[in-house]
Amino acid sequence: MCKAFAGGRLGPGLRPMIGLLAVWLATASGAWADKVLQTPHVRIVHDPALKHQAVQIAAMSPAIIENLKRKLGLPFDLRPTVVPAPDRESFRRLGGRAWLSAFAVPRKQLVVLDLSRLDQRSGDLYATLKHEYAHLALHQAIARRHLPRWLDEGAAQWASDGLSEYLPAVQRTLLPQAAAAGRLFFLDELADTFPDDPQGLHLAYEQSRSFVNYLVRRFGEDALRRLLQSLAAGAAPWEAFEEAVGVELAALEDEWRSGLRRPGSWLANLAGHVYGLLFFVAAVATIGAYLRFRHRKRHYRAGEDDDPEW
Ligand SMILES: [Zn+2]
């Protein structure tokens, strides 16, 4: 996974980087005071050229925070520092990995965004900010030892309508094939960190979202909120699961796993290839229309077609 940051797990090799970031932020709040935009909800440390985006972030933060408090059922008693990076290189210098569009460092209440990756779709800034704030809220409320990585990521994706900070190399789901081939990770394997290899990382992000969505579909949103509140109150994950949904975590995982293997899950498989399918259907329709046109044209030339348009 983004063993380093997303969700707040900081790899040892990156600690010096965060130290540098802290120094930069400290400097920014002093000598570069004109680059810090502060509101009661958020502090944005930005390049002067990004003033417009900083104002956008400040404007959208209160609504995101209110929505997250309701959705997760957790408090949000913190004021995040958001650092928007204008391009890949600045993001990388701040510690961002190539496969991320953003990352959160909960212990510093910090969110770093790669704006160059968020310009592609209009809702991305809002949803990405919401996703990273969700990580901050989860870590603020729940002790690290009680917050499995898959739940941290799955709940944050659920709260931000399925969006995450992970940018997969291929835009398709790996879940149905992995389930059919028996290559899914056990949730236990995703409790501390996510894998480093691209396929494993992609699958870990998908599994986290899929399992949390399954839990919500099966028991309702209130059950997820009860689970998070119980973890926040200090319960261990196995205990919190039984309290929130009345089913053991291992039993629920088995149920979810078998659901993914069922033949009906071919629909989910198809959904992962939706763009390819649309392209194929459009190509077949175009070829069909062209053949029909040629056929009619031939008849028309031969004086056998009574349709004046062809
Ligand atoms: Zn995340």
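Residues numbered from 1 in each chain as written. Predicted model: local features only at pLDDT ≥ 70, side-chain atom pairs only at ≥ 80, totals over all residues.

Things to note about the nonpolar core
- Membership of the largest hydrophobic core comes to 66 residues, with the highest contact counts inside it found for Val112, Ala134, Ala137, Ala155 and Leu228.
- When residues of this core are assigned to their parent elements, the largest contribution, 8 residues, is made by helix H5 (residues 124–141).
- Beyond its immediate sequence surroundings of up to four residues, alanine 134 is in contact with Leu68, Leu72, Ala155, Ala156, Ala159 and Ser160. (Core = buried A, V, L, I, M, F, W, Y, C linked by C-beta atoms within 7 Å. Buried ≥ 20, exposed ≤ 12 C-beta atoms within 10 Å, placed from the backbone. Helix = DSSP H or I, 4+ residues; strand = E, 2+ residues; numbered from the N terminus. Contact = placed C-beta atoms within 7 Å.)

Details of H5
- For H5, which comprises 18 residues, the first-to-last C-alpha distance of 26 Å matches the rise-based estimate of 26 Å (1.5 Å per residue) to within 8%.
- Most of H5 is tucked away, with 14 of its 18 residues classed as buried. (Expected span 1.5 Å × (residues − 1).)

Quick word on unusual backbone geometry
- Unlike most non-glycine residues, glutamine 109 shows phi in positive territory, near 50°.
- Within the secondary structure layout, glutamine 109 lies in the loop between strand S4 (102–105) and strand S5 (110–114).
- Given 18 C-beta atoms within 10 Å, glutamine 109 falls into the partly exposed group.
- With a phi angle near 55°, aspartate 161 is a residue other than glycine that sits in the positive phi range.
- Tracing the backbone shows aspartate 161 in the loop between helix H6 (149–159) and helix H7 (175–180).

A look at the environment of phenylalanine 186
- By the secondary structure assignment, phenylalanine 186 is in the loop between H7 and helix H8 (198–219).
- Taking the C-alpha atoms as reference points, phenylalanine 186 and alanine 204, separated by 18 residues in sequence, lie 9.8 Å from one another.

Let's talk about the packing of helix H9 (residues 221–232) against helix H10 (residues 237–245)
- Contact pair H9 / H10: the axes reach a minimum separation of 8 Å and the direction vectors enclose 145°. Considering the relative orientation of H9 and H10, their crossing is right-handed. Residue-level contacts link Ala223, Arg226, Leu227, Ser230 and Leu231 of H9 to Pro237, Ala240, Phe241, Glu243, Ala244 and Val245 of H10.
- Looking at the contact of H9 with H10 residue by residue, the class counts come to 8 nonpolar, 1 polar and 2 charged. (Axes fitted to C-alpha atoms, helices over the stretch in contact; angles between N-to-C directions. Left-handed = near helix turned anticlockwise from the far one by under 90°. Nonpolar A, V, L, I, M, F, W, Y, C, P; charged D, E, K, R; others polar.)

Here we look at the environment of glutamine 157
- Take glutamine 157: it is sitting in helix H6.
- When the C-alpha atoms of glutamine 157 and alanine 134 are compared, they prove to be 8.5 Å apart, with 23 residues separating the residues in sequence.
- Those residues in contact with glutamine 157 that sit more than four places away from it in its chain are His131, Gly162, Leu163, Ser164, Ser208 and Arg209.

Some thoughts on the sheet that holds S5
- Ordered by their spatial adjacency, 5 strands build an open sheet running S1-S2-S3-S5-S4, and the pairing between neighbours is mixed. Each of the sheet's edge strands pairs with one partner strand only, and the pair in question is strand S1 (36–38) and S4. The average undirected angle you get between the axes of adjacent strands in this sheet is 15°.
- Summarising the sheet, strand S3 (residues 81–85) and S5 pair through 5 bridges and their orientation is parallel. When the bridges of S5 are listed, valine 82 appears paired with valine 111.
- Of the strands in this sheet, S1, strand S2 (43–45) and S3 touch helix H2 (residues 51–72), which is tilted by about 145° from S3. (Pairing = 2+ DSSP bridges.)

Overview of the packing of H5 against H6
- Where H5 contacts H6, the two axes come as close as 8 Å, and the packing angle between them is 135°. The orientation of H5 relative to H6 falls into the category oblique. The chirality of how H5 crosses H6 is right-handed. For the pair H5 and H6, contact is made by Lys130, His131, Ala134, His135 and Leu138 and by Asp152, Ala155, Ala156, Gln157 and Ala159, respectively.
- Tallied by class, the residues present in the contact of H5 with H6 amount to 5 nonpolar, 3 polar and 2 charged. (Parallel < 35°, antiparallel > 145°, perpendicular 65-115°, else oblique.)

A closer look at H8
- Taking 1.5 Å of rise per residue, 22 residues should cover 32 Å, and H8 covers 32 Å from first to last C-alpha, within 8% of that figure.
- Looking only at H8, the buried set comprises His202, Leu203, Ala204, Tyr205, Glu206, Gln207, Ser208, Arg209, Ser210, Phe211, Val212 and Leu215.
- Where H8 is buried, its residues contact H6, H7, H9 and helix H11 (249–261).
- The first or second residue beyond H8 is glycine 220, which carries a positive phi of 95°.

Observations concerning the pairing of S4
- Burial along S4 is two-sided: Ala102 and Ala104 and Phe103 and Val105, pointing in opposite directions, are all buried.
- Inspection of the sheet shows S4 paired to S5 by 4 bridges, in the antiparallel sense. The residue of S5 that forms the bridge with valine 105 is leucine 110.
- Between S4 and S5, which pair antiparallel in sequence order, lie 4 residues; one of them, glutamine 109, sits at a positive phi of approximately 50°.

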